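# Structural characterization, general
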Amino acid sequence: MDKKLKSPLERPSFRMFLVGDDFSQHLPIPPAFIKNFNGRRLGKCTLRGPSGKCWAVELEQRWDGLFFHKGWPGFVKDHFIELEDFLIFYYDGGSEFNVTIYDKTCCEKDVKAAAKRPASDHLAETSTGGAILFKSENAFFIQTLKSYNLYAMLIPKDIAIAEGLMSSQGILIKETIMLQDQTGRSCLTHLYLKPDGRLMMTEGWTTCRKANQISLGDDIVFEFVKQGVILVHILRGKGNNSSSVVLSGSQLRKSKT
């Protein structure tokens, strides 16, 4: 059996500052750190998060290095790890890493507080397992992230007209709108009216999606909190319908996407 390194001073560690668009899908292990494996080829490892719970993660050897791969996206989602977070991986000498997470303030991240950011407490599935209900006095619509809206997100025509983004005659009124996430970050987003009359959020939407690690199958609530500003709520991994539910006040409508 491998002798585990127990003292924090004895444990080798490496640090990663998260940049780029792909950190949520895989993360490289620094080549200089691999010597600590003492010649062993680790196919799998365990990541122990700040809560003490463990995640099984597979390691993948590629031409450009060794990466945390399968299982890593789940660790990222469950800890609400974001762009520019700072992680320290402490290696126990066997196949386990203890991970400490720091946010942009350079302080250790409060994962419990971060977990409250998605508006899950405002969302619930109906008893039929169909529509998703969202209670708000503001107009809003819900879309499930599919591959076809990774780079452009549809705003239903009826709500676009009601919010003054376009006219009922199909004329674009506003060229931009502000997307704001639950952390308070804002992203100016361009609006594009397609020849077939569909209004799309384009440049800016992708930036918002990547910054919040919104993945395929996640449901996104776009709430019009004030003129020209949409607040984005995320319900992760719940999407299972081909239609999006649109609610304004007490009225419930479904818009096919």
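Placed above this text is the structure.
Residues numbered from 1 in each chain as written. Predicted model: local features only at pLDDT ≥ 70, side-chain atom pairs only at ≥ 80, totals over all residues. Heavy atoms only, no water.

## So, the nonpolar core
Quick note on the threshold: Residues belong to one nonpolar core when they are buried, are Ala, Val, Leu, Ile, Met, Phe, Trp, Tyr or Cys, and are joined through side-chain atoms within 4.5 Å. Relative accessibility decides the category of a residue: with a 1.4 Å probe and only protein chains considered, values under 20% of the type maximum give buried, values over 50% give exposed, and everything between is partly exposed. Two residues form a contact once any of their heavy atoms are found within 4.5 Å.
Ranked by size, the top nonpolar core spans 26 residues in total, and within it Leu 47, Phe 68, Trp 72, Phe 89 and Phe 97 carry the most contacts. What Leu 47 contacts, discounting residues up to four positions off in sequence, is Lys 53, Cys 54, Trp 55, Val 57, Phe 68, Trp 72, Phe 75, Phe 89, Phe 97 and Val 99. Ranked by size, the runner-up nonpolar core spans 25 residues in total, among them Phe 141, Leu 150, Ile 214 and Phe 224.

## Here we look at the sheet that holds strand β5 (residues 65-68)
Sheet strands associate in pairs through backbone hydrogen bonding, adopting either a parallel or an antiparallel arrangement. Where we set the bar: When DSSP locates at least two bridges between a pair of strands, those strands are taken to pair. Counting from the N terminus, the helices are DSSP H or I runs at least four residues long and the strands are E runs at least two residues long. Here the axes come from fitting lines to C-alpha atoms, over the contacting stretch only for helices, and the angles between their N-to-C directions go from 0 to 180 degrees.
The strand order β1-β6-β7-β3-β4-β5-β2 describes an open sheet built from seven strands, whose pairing is mixed. Each having just a single partner strand, β1 (13-17) and β2 (27-29) make up the two edges of the open sheet. Neighbouring strand axes in the sheet, compared pairwise and without regard to direction, differ in orientation by 35° on average. Judged from the six bridges that link them, strand β6 (residues 86-91) and strand β7 (residues 96-102) form a sheet pairing that is antiparallel. Bridging from a neighbouring strand, Tyr 91 pairs with Phe 97 of β7.

## Details of the environment of Leu 150
Structurally, Leu 150 can be placed in the loop between β10 (139-144) and β11 (153-155). For Leu 150, a relative accessible area of 18% corresponds to the buried category. Linking Leu 150 and Arg 209, residues 59 residues apart in sequence, is a C-alpha distance of 7.9 Å. In this structure Leu 150 touches Leu 145, Trp 205, Thr 206, Arg 209 and Leu 216, once residues within four positions along its chain are discounted.

## Observations concerning the pattern of salt bridges
Operational definition: Salt bridges are identified by distance alone: a Lys or Arg side-chain nitrogen within 4 Å of an Asp or Glu carboxyl oxygen.
Here the structure, examined in full by the defined rule, presents eight salt bridges. Among the salt bridges present, the one from Glu 82 reaches Lys 109, with a minimum N-O distance of 3.5 Å. Taken together, the positions of Glu 82 in the loop between α1 (72-78) and β6 and Lys 109 in the loop between β7 and α2 (111-114) put the pair 27 residues apart, joining distant regions of the chain. In this structure Glu 82 comes out as buried when scored by relative accessible area, which is 12%. With a shortest N-O distance of 2.7 Å, Asp 85 and Lys 109 are connected by a salt bridge. On the criterion of sequence distance, the pair formed by Asp 85 in the loop between α1 and β6 and Lys 109 in the loop between β7 and α2 is long-range, its members being 24 residues apart. Here the two residues Asp 85 and Lys 109 agree in accessibility, since each one is buried. Through salt bridges that share partners, Glu 82, Asp 85, Lys 109, Asp 181 and Arg 185 make up one connected network.

In short, shape yes, function no, at least from these values alone.
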